Amino acid sequence: MTTQEEQQIKQQLSDPKTQRKAFERIVREYSEPLYWHVRRIVLTHDNANDVMQNVFLKAWTHLDDFHGESKISSWLYRIATNESIDFIRRNKNKITNGSDDVQSGIANMLIADTYFDGNETEALLQEAISRLPDVQRTVFNMRYYDDMKYSEISKILKTSEGALKASYHIAVKKISEYLKLFD
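In this text the structure is predicted, and so the values were computed from the model without any measurement. (Residues numbered from 1 in each chain as written. Predicted model: local features only at pLDDT ≥ 70, side-chain atom pairs only at ≥ 80, totals over all residues. Heavy atoms only, no water.)

Details of the environment of I9
For clarity, the threshold we go by: Numbered from the N terminus, helices here are DSSP runs of H or I no shorter than four residues, and strands are runs of E no shorter than two. It only takes one pair of heavy atoms within 4.5 Å for two residues to be counted as in contact.
Topologically, I9 is positioned in helix α1 (residues 3-14). The spatial distance from the C-alpha of I9 to the C-alpha of K21 is 9.2 Å, given a sequence separation of twelve residues. Sequence-distant contacts of I9, that is, excluding residues within four places in its chain, are made with M1, A22, R25, I26 and I72.

The structure is reproduced here in structure tokens:
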């Protein structure tokens, strides 16, 4: 989305007459990238769909809180990230099916997902990522999969670029160490 288009949508969002149309455009524009962002955090298609409904519902109900100071994408990614992490925290017991090994539960859930089309290497990578603390996992996903710049991630997560770089470096190191176990 160009800067001019972004400004136009922000203006439309502030006008009750054009707000719904502008929001529909946002949903069309950001549904797919946000879905994949959420999916990488919650792992399964069904869970991602549940979270996505909450993301757009929350965005719509909090539209008056968006004053246009940040980019629309930053605002939406912040909502999507928070909703995804909240979903994981709320459903940790369901994910593990009562077992003590959270990662084992996540790996089983991923393999059982009929929409997962990855190979064994991708499953191992996802398992390694699932072992990361929430912040490291989120930073890794945003940087590695979404190819976001640290400055953009900083705005979304409201933290310094230096802290993000450190989190990403530590995450990569932990993932590499985990994957070496299967060489």
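Here we look at the packing of helix α7 (residues 120-130) against helix α8 (residues 134-145)
Each pair of packed helices can be described by the angle between their axes along with the distance between the axes. Put simply, the rule is: All axes here are fitted lines through C-alpha atoms, helices being fitted over the stretch that makes contact, and every angle between N-to-C directions spans 0 to 180 degrees. Angles below 35 degrees are treated as roughly parallel, those above 145 as roughly antiparallel, those between 65 and 115 as roughly perpendicular, and all remaining angles as oblique. Only Asp, Glu, Lys and Arg are considered charged, only Ala, Val, Leu, Ile, Met, Phe, Trp, Tyr, Cys and Pro nonpolar, and every remaining residue, Gly among them, polar.
At a closest axis distance of 9 Å, the pairing of α7 and α8 adopts a crossing angle of 140°. Judged by the angle between their axes, α7 and α8 are oblique. On α8, the residues that touch E122, L125, Q126, I129 and S130 of α7 are R137, F140, N141 and Y145. Looking at side-chain class alone, the contact of α7 with α8 contains four nonpolar, three polar and two charged residues.

Comments concerning unusual backbone geometry
A negative phi angle characterises most non-glycine residues, just as the trans form characterises most peptide bonds. Convention followed: Burial classes: relative accessible area under 20% of the type maximum marks a residue as buried, over 50% as exposed, and values in between as partly exposed (1.4 Å probe, protein chains only).
Unlike most non-glycine residues, L43 shows phi in positive territory, near 80°. The topology assignment puts L43 in the loop between α2 (19-42) and α3 (45-61). Take L43: its relative accessible area is 7%, and that puts it in the buried class.

Notes on the packing of aromatic side chains
Rules: Any pair of Phe, Tyr and Trp rings, taking the six-membered ring for Trp, is counted once the centres come within 6.5 Å. Such a pair is stacked with planes under 30 degrees apart, edge-to-face with planes over 60 apart, and tilted for the rest.
Applying the stated criterion across every chain, the model contains nine aromatic pairs. Between F140 and Y144, the aromatic rings sit 5.0 Å apart at their centres with planes inclined by 15°, giving stacked as the arrangement. With F140 and Y144 both in helix α8 and four residues apart, the pair spans about one turn of that helix. Look at F140 and you get buried, because its relative accessible area is 4%. Residue Y144 is classed as partly exposed on the basis of its relative accessible area of 46%. Each ring, one from F140 and one from Y145, has its centre 6.5 Å from the other, and the planes form 85°; the classification is edge-to-face.

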